[in-house]
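For reference, the chains in residue letters:
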Amino acid sequence: VQLQASGGGLVQAGGSLRLSCAASGRTFSRNSMGWFRQAPGKELEFVAAIGWSGYSSYYGDSVKGRFAVSRDNAKNTVYLQMNTLKPEDTAVYYCAADARPLRLGVTISEYTYWGQGTQVTVSS
């Protein structure tokens, strides 16, 4: 099983980026998918999660109203649209998949499969 995150880069404050995470090796159409991030010197932080159907989602307080998570089960891919980016959003962003079917994981320990991370840098 592999989760391949992409779409990171350098953007100015106030700008937008869209991250993608493509899964291979198995389907996650019945599993929640999540995004986490880790800034330099800080712990891994929950960003967003989306339920298996795409109708349920949950966000960390620091990104509510600015980020939107979505998924395309036909492509086995989850997305993170990041708007109004701030310098404090600078981090390595990781996608993850919950091995449990029909649940919505919102904590690190609930996720079994992890991608390699993509760097997002927001300049002021």
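As a reminder, the structure under discussion sits directly above these lines.
The rules behind each value
Residues numbered from 1 in each chain as written. Predicted model: local features only at pLDDT ≥ 70, side-chain atom pairs only at ≥ 80, totals over all residues. Heavy atoms only, no water. Pairing = 2+ DSSP bridges. Helix = DSSP H or I, 4+ residues; strand = E, 2+ residues; numbered from the N terminus. Axes fitted to C-alpha atoms, helices over the stretch in contact; angles between N-to-C directions. Disulfide = S-S within 2.5 Å. Buried < 20%, exposed > 50% of the residue type's maximum accessible area, 1.4 Å probe, protein only.

Chemist: I'd like a rundown of the sheet that holds strand β8 (residues 77–82), residues and numbers included.
Modeler: If you walk across this open sheet you meet the four strands as β1-β3-β8-β7, and the pairing is antiparallel. Either end of the sheet is taken by a strand with one partner, and the two such strands are β1 (2–6) and β7 (67–72). Each strand axis lies, on average, 15° off the axis of its neighbour in the sheet, ignoring direction. The pairing of β7 with β8 spans six bridges and is classified as antiparallel. Opposite Ala-68, over in β8, you have Gln-81 as the bridge partner.

Chemist: A description of the environment of Lys-42 should follow, citing residues and the corresponding values.
Modeler: Structurally, Lys-42 is set in the loop between β4 (31–38) and β5 (45–50). Separated by 80 residues in the primary sequence, Lys-42 and Val-122 place their C-alpha atoms 16 Å from one another.

Chemist: Account for the state of the cysteines, naming residues and giving values.
Modeler: Counting across every chain of the model gives one disulfide. Between the sulfur atoms of Cys-21 and its disulfide partner Cys-95 the distance amounts to 2.0 Å. Between Cys-21 and Cys-95, the disulfide has an S-S torsion of 60° and is therefore right-handed. One end of the pair, Cys-21, is in strand β3 (residues 17–24); the other, Cys-95, is in strand β9 (residues 91–101), with 74 residues separating them in the sequence. For the residue pair Cys-21 and Cys-95, the accessibility class agrees, reading buried in each case.

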